[in-house]
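Here is what each chain is made of, one letter per residue.
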Amino acid sequence: MNEFLSYTVIGIFTGAAYAIAASGLVLTYSTTRVFNIAHGAIGMFFTFVYWDFSQRQGLPAWLSLVLVLGICAPLTGVLLQRFVTRGLGTAPVGVSLVVTVALLVAMIGIATQIWKPEARAIPEFFPDKRFDVWGIVITPQHIITLVLSLLVAGGLYVLLARTRVGTAMRASVDNAELLGLYGGRAEVVSALAWAVGTSLAALGGILLAPQIGMDFYLLTLIVISAYAAAMLGKLTSLPMTYVGAMALGLASSYVVGYLDKFPGAENLTGLPPVVPTIFLFAILVLLPQAPLRIGQVKGLVSAPVPSPTKTGVWGIGLIGFVVLLVSGMADSTLLNVGTAIAYGILMLSLVLLTGYGGFVSLAQFAFAGVGAVIYSQVEQPNLFGLAVAIIGTGLVGAIVAIPVLRLTGLYLALATLAFGQLMDKLIFTSAWAFEFNNPLKAERLSVLGYKFESLTSTVIMMAVFFVLVAFVIIAIRRGRLGRILIAMRDSQAACGTLGLDMRWFRVGVFAGSASIAGLAGALLISMRMSITANDFLYFNSLLLLLMAGVWGLTSITGAALGGVFMMYLPVAQGENPDIAGLLFVLLAVGAIILGRNPNGLAYYLFQLPRWIQGSLFPALAEKYPGMALRAQEYGFGRRDDDDYDDGDHNDGDPGGDPGAGPLAEEVDTHAVAAR
Amino acid sequence: MPLLHVDDVVVQFGGVTAVNHANFEVEQGSITGLIGPNGAGKTTTFNVVTGLQTPTSGRVVFDDKDITRMPVHRRSRRGIGRTFQRLEAFGSLTVAENVRTAFDIHDGFAGLFRSVQNDVDDLLDLVGIANHADDRADSIPTGTARLLELARALACDPKLLLLDEPSSGLDESETEAFGELLQQLANEGRTILMVEHDMDLVMNVCDTIHVLDFGSVIADGTPAQVRANPVVQKAYLGYSDDGPAGDDTAVLPLVNEEVVL
Amino acid sequence: MSVPILDIIDLHAAYGRIEVLRGVNLTVPKGAVVALLGPNGAGKSTLLKVISGQMQQTSGDIHLAGIHVTGAKPDDLARLGLTTIPEGRSVFPNLTVEENLLLMSYAGVAPEAVFDTAYSYFPRLHERRFQLAGTMSGGEQQMLAMARALASDPALLLLDELSMGLAPLIVDELYETVAKIAETGVSILVVEQFARTALRVSDYAAVMTGGTVVATGEPDEINAIMADVILGGAA
């Protein structure tokens, strides 16, 4: 009985810390409608700041707390609201997810840049004191945590219910526009919410750090607990969030305490850390269906879809390029090229899912891992084994999507995050998959009797697969499926009234995307012949999404470039460990800047010829008469056979290139002048 | 036997009643108008019929079958098509692709073995927007987008077509042509229920009109009957000059408001 | 004649490519009540959105009390004495009556003064002060909205479809309040679909169709043509 009480007490204290972190998340979401994936990472960052003040610089704990919670965190919150997340509340879910994931990665990048990995610890408050209550040991840290969580609850109550600005916070959830008509400043209200939310994230991290440890990634993952708790209150109710946090704290504590009492527990050593994840998944599944939204005509500007001929020429060109590239290349470099291609295929899975379908997955690497495990376990290193891996991963994808098929956008993304986390911590570490840190082995692929023994031939074979997948995706985009996907992204209500059962369609698309990811994983393991769970860390899925955000989610070119840079990122970090963190930050900043236009840098690449012809040539022609005519001769003046569904219709796209319309007109006048 | 029967439907949003025991029928092959002042609950009623809104109580019977709890897409399969007051065209697709997508969805797997290009062209010709076929749907004027939504709905070959303010955005001659189109569709055997504010159009083409006010049907009849009805005049123009004391006002519910979705 | 409180010159506005206002010209003299009438989709609400700063015009000018305002934000305009009561529910449904009133003090009036004004005009709001606004009847919600017009002492009041979804008896009460506000010298632009109701309290009236003002005049003149405009002229 005493044991039970002890676990209960620990559970309540853990729950109290979760509640603090979760209430910050609820506050920012409910006032600005931005779901902050980076909440945990922000908490992690300020926990390190607190460590720096209190341990490295030796300031007193209370002063450090005041500096972090009273100055650094709120100030950062205001700056984030002002420069990063402003206006995201009304943006498509995909965009706000890319931006907040970028924020998460940036926080980790900055933290690892400033504080090089080394053993660190934040001691508990008053570590020497212990209280014994009826045989249960209670520490001052526990009491402080509990008291602070009550203070936070009380403080938030006073702020929201008893002050004008707090009332305005709640009002801005209902109707920010109306608040403006009342004379209230929605921006000030949002900034305050972010200031308080950031402070609460920091406090949650600092309180949990002695228990969790000063680990960049583990502290970041507090966010899962915060999501799970907040989700019980549907992201808006603070009391329900506290209930959720307490339930979660108790559940985690009991699992840790009693797991070894159950038979077969040795297979479930990974269970305790994923209790919040399972909790989150369960709540997502039980959430009621979100109603369809009816709005206005929306359209996104997309990258041009190449014609079949052009696709063919480019595809063969790409294979040819890879053949030339890899001849006589050293094995280590070859491995990098092969990895880039596998990542490129992984990016293609996002083109289908996110670029065309508008859904966000935060678990593509987990699906790749599933593909690799299946390919390895089937032990048929041929097309059959590959097919089993592809279909098997597709089925797993469907299983993930089915429970949440009634939900949309944000919830689907969170479910994938929970799934990625589960795979990472529970499945990939279990005996039948990778075991802990043991490499998984597989053989090279053989196709129709031809065995790809050499690394060179394997890499070329992978390039062929990339091109084939790209063909399939372009065929989908040009065909019925692609049109329906885009129609669904533009208006779900209309699709429903035209007779589309979107639930199963959504599952199908999700499974298809997972299959492609599974193929990428299987190809990766067949090339490397040995792979570890570390190759499929959930964190990589986040980086992949950012790469996609930077290079573009709507084109094959974007996917290829994204794959190359996805491979190059860890290589560059390995070669320049001094700036490893900065590279994360660079990627994140790129994604924040470009994330609002889903076409990414690839889009600007496509615009380049038109810019040259529309702006540069006329300018040159003015200086050097006669130049314009030559431009015509070189064929720049004619549009090729691409379906440019871009350009002058970008009303619906906040990130669209406003210059495209005038540019196109300039082209026409210029063409007349040249004649 | 009526094709559609809206039977005592109530829709409440929180404490607010948007549709209050609405009762009306739509006869097979008719053009029926659903009119009423702003906030009377017309669009909410449409949402109930098409399944985008679950009623608090009441039934919707279509083609002899109770469809009150049926999901949106299955109602479409049974033959209910609609257009939207706030446009829901697929903005990233061209006008022709919008219609083609409707065929894609409607035909399912069967569509793989059938070319729909001619059907698409025919529909665009029918509603008169063939000249916009290759324009993106987010770049066309409202009136054209409404006609596009009509063409898209027709691709699913509906028995009952619900049109939500189809003529707003059309000019006079376009509206006239649109009225003729509606009559042509009705002659082909389609049943049309429309919410419309252009009274000239309603009075000209509708066989029957139901007038909705405060979520309830306050009058039914032919255009001439409805126009002559003093209750309707009052609903539209506010108080007549004889003052507020009429008995009929007392029965009107006080709590009424449409919540915009 | 003194400077008009609101002067709109050749105003154009569009949602994306769809032009909704096509050259609107409208003047509200200081201290006058102007009714803006017209069928659905004529652009009346859009016009109010542009005046209140919620939407940007594509071209044209708006002068408030002789000052050219372009690109001013709604909250700035609200603090400078432009009170806008938008269409539909213009209260916060998940806040109590008293919390709604508290927020009205952002217009630059002390909260106590807001409470006093609101409760003295509408004693019913005092009875319900701890009730969530969304659970009150539509008429009571509209009273709460009107309390802002009364308490914030505006230079110009914009009212959009005060009567939407309300029973005539309630509408009449609300318009009595509008008349009272007008008596204190506040200039009012009122958008209304119930022509006769609005015309009773107004000094001038304008009719909009198709994004432009097609007729202006005294209430009696406009009243004579409204039935044709709204219910259709074809007999």
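Presented here is an overview of the structure given in this document. Everything numeric here is computed off the predicted structure, so don't read it as measured data.

Structural notes on the pairing of strand S7 (residues 156–160) of chain C
All names here are of chain C.
- Across the 5 residues of S7, 5 count as buried, placing the element largely inside the fold.
- By the alternation rule, side chains of S7 split into Leu156, Leu158 and Asp160 and Leu157 and Leu159, which are all buried.
- Two strands pair when backbone bridges link them, and strand S6 (residues 82–85) and S7 are joined in this way by 4 bridges, in the parallel orientation. Opposite Thr83, over in S7, you have Leu157 as the bridge partner.
- Pairing of S7 with strand S8 (residues 187–191), which is carried by 5 bridges, proceeds in the parallel orientation.

Regarding the pattern of salt bridges
- Applying the stated criterion across every chain, the model contains 25 salt bridges over all chains.
- Salt-bridge contacts for Asp490 of chain A lead to Arg489 of chain A; the nearest nitrogen and oxygen are separated by 4.0 Å.
- Judged by relative accessible area, Asp490 of chain A falls into the buried class, the value being 3%.
- Judged by its relative accessible area of 17%, Arg489 of chain A is buried.
- Between Asp172 of chain C and Arg200 of chain C there is a salt bridge, with its nearest N and O atoms 2.9 Å apart. Of this pair, Asp172 of chain C sits in helix H7 (residues 168–183) while Arg200 of chain C sits in helix H8 (residues 195–201), placing them 28 residues apart in sequence.
- Residue classification places Asp172 of chain C among the buried positions, given a relative accessible area of 15%.
- Its relative accessible area of 46% is what places Arg200 of chain C among the partly exposed residues.

Regarding the interface of chain C and chain A
- On the chain A side, the residues contacting the 27 residues of chain C number 21 residues.
- Between chain C and chain A, roughly 2300 Å² of surface is buried when both sides are summed, and carbon and sulfur atoms account for 56% of that area.
- Linking chain C with chain A are 3 salt bridges.
- In this structure, Asp76 of chain C engages Arg185 of chain A in a salt bridge whose closest nitrogen and oxygen atoms are separated by 2.8 Å.
- Put simply, chain C and chain A have 9 residue pairs in polar contact (both at pLDDT 80 or more) between them.
- Among the residues forming the side of chain C that touches chain A, the class breakdown is 12 nonpolar, 8 polar and 7 charged.

Thresholds, definitions, all that
- Counting of residues starts from 1 at the beginning of each chain's written sequence and follows it residue by residue.
- Working convention: letters from A go to chains and numbers from 1 go to ligands, in the order in which they are written.
- Residue-level local features of this predicted model are given only where pLDDT is at least 70; pairs of side-chain atoms are given and counted only at 80 or more, and the full residue set underlies all totals for whole chains, interfaces and linings.
- The side-chain values count all of the structure's non-hydrogen atoms but skip hydrogen atoms and water molecules.
- Under the scheme applied here, a residue whose accessible area is under 20% of the maximum for its type counts as buried, over 50% as exposed, and between as partly exposed, the area being computed with a 1.4 Å probe on protein chains only.
- The helix and strand labels rest on DSSP assignments: H or I over at least four residues marks a helix, E over at least two residues marks a strand, and numbering proceeds from the N terminus.
- By this definition, two strands are paired if DSSP reports at least two bridges between them.
- We define a salt bridge as a side-chain nitrogen of Lys or Arg found within 4 Å of a carboxyl oxygen belonging to Asp or Glu.
- The contact definition used throughout considers only heavy atoms, calling two residues in contact when any of these lie within 4.5 Å.
- The term buried area means the drop in 1.4 Å probe accessible area that two parts suffer when joined, counted for both and summed.
- Here a polar contact is taken to be a pair of N or O atoms separated by no more than 3.5 Å, where protein atoms must pair a possible hydrogen donor with a possible acceptor and residues adjacent in sequence count only if both atoms sit in side chains.
- Each residue receives one of three labels: charged for Asp, Glu, Lys and Arg, nonpolar for Ala, Val, Leu, Ile, Met, Phe, Trp, Tyr, Cys and Pro, and polar for the others, Gly being one of them.

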